[in-house]
Amino acid sequence: MSGKDRIEIFPSRMAQTIMKARLKGAQTGRNLLKKKSDALTLRFRQILKKIIETKMLMGEVMREAAFSLAEAKFTAGDFSTTVIQNVNKAQVKIRAKKDNVAGVTLPVFEHYQEGTDSYELTGLARGGEQLAKLKRNYAKAVELLVELASLQSSSPGLNVPLPISSQNWMRESEKSSIG
């Protein structure tokens, strides 16, 4: 322990009380930083686990959606021009919210349906069942994409303050063990 780490103090009861208060404050600060670091680490790991699960599921859902598109085109013919010409505004929209994890705000996206299905009667003559299946599959794919975007956009938000909190926590623990 070098001489610059020591605090020069006059030995009195008042000085002892002040030093005890400083020590208590340092310990409280260290404990708060440790709790914050632990909460951020836990949430970061949960998000990474959820990202991996969602990506695995995404491949399966997209494969199923592409196959249902092929089925619908086979049974109902080429309906893409009809759909493209009749689009006025989006039915599925995304709303952005903020989530707070230990003082760190994270973006969270959620999708919602607005309006009614304007293609409800599309494929009534032929291929209606395949078109309904196609809509369900792509709706599920969009839902998973929004969830994945939400998770991936909040992941860097947790990754930045985590080392900072950990470094502050380590610095505080070194100070309290020295002093």
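Residues numbered from 1 in each chain as written. Predicted model: local features only at pLDDT ≥ 70, side-chain atom pairs only at ≥ 80, totals over all residues. Heavy atoms only, no water.

### Points about the overall build of the chain
Then, number 1: Helix and strand counts for the chain stand at four helices and two strands.
Then, number 2: Along the chain direction, N to C, the helices and strands of the chain fall in the order α-α-β-β-α-α.
Then, number 3: Within the chain, residue pairs in contact and separated by at least 24 positions form 74% of the contacts whose partners lie at least 6 positions apart.
Then, number 4: Total accessible area on the chain is roughly 12900 Å²; 58% of this is exposed by carbon and sulfur atoms. (Helix = DSSP H or I, 4+ residues; strand = E, 2+ residues; numbered from the N terminus. Contact = heavy atoms within 4.5 Å. Areas by Shrake-Rupley, 256 points an atom, 1.4 Å probe, with all protein chains shown as cover.)

### Structural notes on the pairing of strand 1 (residues 92-101)
Then, number 1: Here ten bridges tie strand 1 to strand 2 (residues 104-113), and the two strands are oriented antiparallel to one another. By the bridge assignment for strand 2, Ile94 is matched with His111.
Then, number 2: Turn length for the strand 1-strand 2 hairpin, with the two strands adjacent in sequence and antiparallel, is two residues, and the turn residue Ala102 shows positive phi of about 50 degrees. (Pairing = 2+ DSSP bridges.)

### Here we look at the nonpolar core
Then, number 1: Ranked by size, the top nonpolar core spans five residues in total: Ala72, Ala76, Phe79, Leu131 and Leu134.
Then, number 2: Looking at this core, the elements that each hand over two or more residues are helix 1 (13-76) and helix 3 (128-159). (Core = buried A, V, L, I, M, F, W, Y, C linked by side-chain atoms within 4.5 Å. Buried < 20%, exposed > 50% of the residue type's maximum accessible area, 1.4 Å probe, protein only.)

### Here's the deal with the environment of Leu134
Then, number 1: You can see Leu134 is positioned in helix 3.
Then, number 2: Residues Leu134 and Phe67 lie 67 residues apart in sequence; the distance between their C-alpha atoms is 8.8 Å.
Then, number 3: Setting aside anything within four residues of it in sequence, one finds Leu134 in contact with Ala65, Ser68, Leu69, Ala72 and Phe79.

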